[in-house]
Amino acid sequence: MEKINASISFDRRFYAQDIAGSKAHCRMLVARRIIARADGAAILKGLDLVLAEIEADRFPFRVELEDIHMNVEARLAELIGTPAGRLHTARSRNDQVATDFRLWVRDAIDGIDRQMRDLQAALLDQAERHVGTIMPGFTHLQVAQPVTFGHHMMAYVEMIGRDRGRLADCRVRLNESPLGAAALAGTSFSIDRDMTAQALSFDRPMANSLDAVSDRDYALEFLAALAITAVHLSRLAEEIVLWTSAQFAFVRLSDAYTTGSSIMPQKRNPDAAELVRGKTGRVIGALNALLIMMKGLPLTFSKDMQEDKEPTFDAADTLAVCLAAMAGMVADMKPNVAAMHAAAAVGFATATDLADWIVRSLGLPFRRAHHITGSLVKLAEDKGKRLSDLSLAEMQSVESRITRAVYDVLTVERSVASRVSYGGTAPANVRRQVKAARKRYLG
């Protein structure tokens, strides 16, 4: 029973939040004259001593006391005696843990947001350096149209921006105080929940005591946001794995983010990227675990809820290390400009430019232009040529009205430069988007 019941092995991470909540509660009890000022002063001094012991790694955690709340209270009693017993007036471990957990998730959101910002900064630096570096854009992992490496980096800046927005939204919704809900029904003591909410930087007290002790929506929303972020990181990680392969050779990572092989001395394995990709499963799994744990619980608190903390801690820790690794890899990447350009020039990447030219210059409907372009691609394939290598006579054998002006749109440089629509890959666009994103995301 002790082994299955105790949570101190993991909820000791709440110590700072638990002590902060206890201080706020103590000050409120004194202000409302529920406990004597002298007892309140002793409690606050004792809590500072407990905090110092924990931070100095001198605190005697005891499994038989089950959790961080009882460990702190028991040590407080050892340090200050009788007044310690007054601290738990008008509260329960139910509202106490709910408060601690909200405070912890709020702090975790703030830390993760700073890491996301760092990743965006690294992506923006690469984008700014490579606004004109041409690479192939893909659909179905097949060469589609030429884009720039800077434009590609900016796509991830926007993804991480939305991830930050989801966490910011989650923070707003979770920022209500459960403290004072007590076990489930509130308390008969004349407490001031607004005072404790303000002391802990909550926006307001939670409106319903039943909801206050049983809600874990904020943890679910937090994990959902982390899971989506992990998926975004995994997509970039997969691209790094591909790009660093000999078959792509688009970027190179230094030894700081790669490893060698035990038997193949030529290997430079993108292990950091692979681990980011792999750890996504842990974050998604944490969300699933908490959803499943909560799905059948009647109001209010059940001991099942002890299972909310470990997956949440693990997901936050996992994403934090993934964000750090990804920011490092992005900053470390050295794009192979020549290889990217060469890859963009194959696979008939300017076929859409040819179709667009036919529409503009010959006045044909796009579907007709699409058909003509397909025939020209087939002709080039049969002759082992690029579109730009077809002679004018060869092009006119498919469509007699094609003129020499068509060659102006068949280079990857012209193709990229022409994509000037908002959000397009034209270098001038990317340069503006980098500037705007720095202001929007980095402040």
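As shown above, the structure is provided for reference.
These notes cover the structure that comes with them. (Residues numbered from 1 in each chain as written. Predicted model: local features only at pLDDT ≥ 70, side-chain atom pairs only at ≥ 80, totals over all residues. Heavy atoms only, no water.)

Digging into the overall build of the chain
- If you tally the helices and strands in the chain, you get 18 helices and 6 strands.
- For 443 residues, the compact-globule formula gives about 22 Å, and the C-alpha radius of gyration of the chain, at 30 Å, lies well above that figure.
- Referenced to the eigenvectors of the C-alpha coordinate spread, the extents of the chain come out at roughly 100 × 55 × 40 Å.
- Burial analysis of the chain (443 residues in total) assigns 49% to the buried set.
- Sequence separation of 24 or more characterises 74% of the internal contacts of the chain that already satisfy a separation of 6 or more.
- Side-chain charges in the chain split into 56 positive and 53 negative, and the spacing between the mean points of these groups amounts to 6 Å. (Helix = DSSP H or I, 4+ residues; strand = E, 2+ residues; numbered from the N terminus. Rg over C-alpha atoms; globule rule 2.2 N^0.38 Å. Buried < 20%, exposed > 50% of the residue type's maximum accessible area, 1.4 Å probe, protein only. Contact = heavy atoms within 4.5 Å. Lys, Arg positive; Asp, Glu negative; His and termini not counted. Charge placed at Lys NZ, Arg CZ, Asp CG, Glu CD.)

Some details on helix α3 (residues 15-31)
- Under the 1.5 Å per step criterion, the end-to-end length of α3 is 24 Å for 17 residues, consistent within 8% with the ideal 24 Å.
- Burial in α3 covers these residues: Q17, D18, I19, G21, S22, K23, A24, H25, C26, M28, L29 and V30.
- Considering only its buried residues, α3 is in contact with α4 (37-55), α5 (68-80), α6 (93-129) and α8 (193-199). (Expected span 1.5 Å × (residues − 1).)

So, the nonpolar core
- The biggest cluster of nonpolar side chains holds 96 residues, and the ones touching the most others in it are I112, L119, F222, L226, L233, M326 and M333.
- Tallying contributions element by element places helix α10 (residues 217-243) first for this core, with 15 residues.
- Each residue touching L226, except ones within four places of it in the same chain, is listed here: I112, L167, V283, A315, A316 and L319.
- Within the second largest apolar cluster, 21 residues are counted, among which are A355, I372, L387 and M395. (Core = buried A, V, L, I, M, F, W, Y, C linked by side-chain atoms within 4.5 Å.)

Considering α4
- For α4, spanning 19 residues, the distance from its first C-alpha to its last is 27 Å, which sits close to the expected 27 Å at 1.5 Å a residue.
- If you check which residues of α4 are buried, you get D39, G40, I43, L44, G46, L47, V50, E53 and I54.
- Where α4 is buried, its residues touch α3 and α5.
- One or two positions beyond α4, positive phi appears at D57, with a value near 60°.

Focus: the side chain of R91
- Among the structural elements, R91 can be located in the loop between α5 and α6.
- An unpaired buried charge is present at R91: no salt bridge exists, and E73, the closest side chain of opposite charge, is 4.9 Å distant.
- There is a polar contact of 3.1 Å between the side chain of R91 and the side chain of H88.
- Setting aside its immediate chain neighbours within four residues, R91 contacts G21, S22, H25, Q96 and A182. (Salt bridge = Lys/Arg side-chain N within 4 Å of Asp/Glu carboxyl O. Polar contact = N/O pair within 3.5 Å; in protein donor to acceptor, adjacent residues only side chain to side chain.)

Topic: the environment of R102
- Here R102 shows up in helix α6.
- When its relative accessible area of 2% is taken as the criterion, R102 is described as buried.
- Engagement of the side chain of R102 in a polar contact is seen with the side chain of D215, the distance being 2.5 Å.

Points about the packing of helix α11 (residues 271-294) against helix α12 (residues 309-332)
- Contact pair α11 / α12: the axes reach a minimum separation of 9 Å and the direction vectors enclose 155°. With respect to α12, the element α11 is oriented roughly antiparallel. By crossing handedness, the relation of α11 to α12 is classed as left-handed. Only P311, T312, D314, A315, T318, V321, C322, A325, M326 and M329 of α12 make contact with α11, whose side of the interface consists of A272, A273, V276, K279, R282, V283, A286 and L290.
- By residue class, the composition of the contact of α11 with α12 is 13 nonpolar, 2 polar and 3 charged. (Axes fitted to C-alpha atoms, helices over the stretch in contact; angles between N-to-C directions. Parallel < 35°, antiparallel > 145°, perpendicular 65-115°, else oblique. Left-handed = near helix turned anticlockwise from the far one by under 90°. Nonpolar A, V, L, I, M, F, W, Y, C, P; charged D, E, K, R; others polar.)

Considerations on the packing of aromatic side chains
- Inspection of the entire model under this criterion finds 8 aromatic pairs.
- Taken together, a centroid distance of 5.2 Å and an interplanar angle of 80° make the contact between F248 and F250 edge-to-face.
- The class of F248 is partly exposed, set by a relative accessible area of 22%.
- Through a chain of ring-to-ring contacts, three or more aromatic side chains come together here, namely F14, F101, W104, Y218 and F313.
- Above the ring of F313, the side-chain terminus of R13 is found at 4.7 Å from the ring centroid. (Phe/Tyr/Trp six-rings, centres within 6.5 Å; stacked < 30°, edge-to-face > 60°. Lys NZ or Arg CZ within 6 Å of the ring centre and 35° of its normal.)

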